[in-house]
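Next come the chains, spelled out residue by residue.
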Amino acid sequence: MPSTVVHAGFALLLAAGLLKGAYDRRALALILVIVVLPEADTLAGPWIDGAHRALLHNLTIPIVVGVWLYWDTHHREPDQSWLRRRWGEWGVRVAWVALFVHLFAHVLLDYAHLEGINVFYPVYDRFFRLEGEIAISTSEGLIQTFVDLERADIGAGGTTADTHVANPVELSPDPEPDDPLLLPIADSGWQLYLVCAGLFVAIARRFQDRRDA
Amino acid sequence: MAPTLVNVAIGVLLGLALLGVALDRKSLAIVAVAAALPDLDAAASLVIYGGTNAVFHTLLLPAVAFVGLYWDTRYRERSWLASRYGWYGVRVAWVSLAAYVVAGIGVDLVHADGVALLYPLHDRFYAVVGRFRLSDQEGIIFTFVERGEGLLWLTSPGTTADHHVESWINPTPGTGLEFGIERTLVVVETGWQLIVVAAAAVAAAVRLREES
């Protein structure tokens, strides 16, 4: 996985742009917790084969939560909405931003990394990964290699039975007790960049708030 | 260099995060342009040898802008920018400057092509590449910073004389406009760039719909 720190950096950048009036320390803390949470499926790895990047890294959860959130905050009468009654407008805002951040800063970022994610787990058990490039060339026109339409290749990989995404809890499908403990923070320049960009925005917002106060 | 679309996407995300009450269609467009601006040095490289990722990717330009902006908005008794465009103008100017540095130069700095950070004072490309890991056997592995031959402790792919950064404007080393050669405009290079662009597009659409 791009490390949890990278997810958190990108999450900060996105959350600062979307929270608006709900931007406060409590909201940021909550969103950071939600961004870290999916990594808990690494802990299920020793008991369930291929749990990491499947159990909590899928689109099934965001779709279900999104439908419920829409029903509760848009469809129901405002005085009936559970979220609004309990947490007010702040809660509604933070909930939507948390869903957005979970989707883009965690699930989709992992979709473009290593073996990808198990998109519709547990409904349909198959890993998918996003890999390719888009370019416009004078000789070949528009080139797009993310999906191969001729071979119907949309980045499908294996299932939970034969796919293992390396993680600090289990480096390989059959971990040995003396495996090294390896915690990646940033494995490339752009990963380090996302961490720094998130920190930059959080610090810049503090400067702005102090000046506006 | 990293695709300009990625610079713009990061710039848009910075704009959404930092513009605050000054956010509208116009201010976000200005910030996005500021993030794309450094990549114009690809056009300058048609005249200046090895100018891509150097001429406008130097930190000296934004440093001058910073001094000017600081002097005008903080030091002077009557700021020209504030009297002309008000609080809105001051905020947009600062966020645009941040987008130029962080999104315009920063994104290209973490790309293997590198950026000539101190051009023309110090002619050398630098790139922040490497890894940062914690291991129980090897301790802290941090290879982004390395003592090299350059002035800064970063990986250096070369100087403007021997390192050419390809672009669709100037694909081959050297100056002058060439005809009949293949040109490739890279839109996104990898999956994560596509996700960043998608996130920026959706976030901007949502925020601008709310503001209007």
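This text follows the structure it describes.
As the structure is a computational prediction, the values presented were derived from the model and not from experiment.

Caption draft 1: Inspection of the overall build of chain B at higher detail. Assigned secondary structure in chain B consists of 6 helices and 5 strands. In chain B, the succession of helices and strands from N to C terminus is α-α-α-α-α-β-β-β-β-β-α. Taken over the C-alpha atoms alone, chain B extends approximately 50 × 45 × 40 Å along its principal axes. Long-range pairs, those at least 24 residues apart, make up 65% of the contacts in chain B between residues at least 6 apart in sequence. Surface exposure of chain B reaches about 10100 Å², of which carbon and sulfur atoms provide 64%. Within chain B, the 19 negative side-chain charges are centred at a point lying 13 Å from the centre of the 14 positive side-chain charges.

Caption draft 2: Spotlight on the layout of surface pockets. By volume, the largest pocket is sized at about 820 Å³. The wall of the largest pocket is formed by 27 residues, among which A:Phe207, A:Gln208, B:Arg74, B:Trp94 and B:Val95 lie closest to the centre. The biggest single contributor to the lining of the largest pocket is helix α5 (residues 80-109) of chain B, with 10 residues. Partitioned by chemical class, the residues of the lining of the largest pocket number 19 nonpolar, 3 polar and 5 charged.

Caption draft 3: Structural view of helix α1 (residues 4-18) of chain A. All names here are of chain A. Along its 15 residues, α1 runs 21 Å from first to last C-alpha, staying within 8% of the 21 Å computed at 1.5 Å per residue. Of all 15 residues making up α1, 13 are buried, and the element is well covered by its neighbours. Phi turns positive, to about 55°, at Lys-20, one or two residues after α1.

Thresholds applied
Residues numbered from 1 in each chain as written. Chains lettered and ligands numbered in written order. Predicted model: local features only at pLDDT ≥ 70, side-chain atom pairs only at ≥ 80, totals over all residues. Heavy atoms only, no water. Helix = DSSP H or I, 4+ residues; strand = E, 2+ residues; numbered from the N terminus. Contact = heavy atoms within 4.5 Å. Areas by Shrake-Rupley, 256 points an atom, 1.4 Å probe, with all protein chains shown as cover. Lys, Arg positive; Asp, Glu negative; His and termini not counted. Charge placed at Lys NZ, Arg CZ, Asp CG, Glu CD. 1 Å grid on protein atoms, 1.4 Å probe; cavity = no way out; pocket = protein on both sides within 12 Å on 5 of 7 lines; lining within 4 Å. Points joined across faces, edges and corners; volume = space filled by probe spheres on them. Nonpolar A, V, L, I, M, F, W, Y, C, P; charged D, E, K, R; others polar. Expected span 1.5 Å × (residues − 1). Buried < 20%, exposed > 50% of the residue type's maximum accessible area, 1.4 Å probe, protein only.

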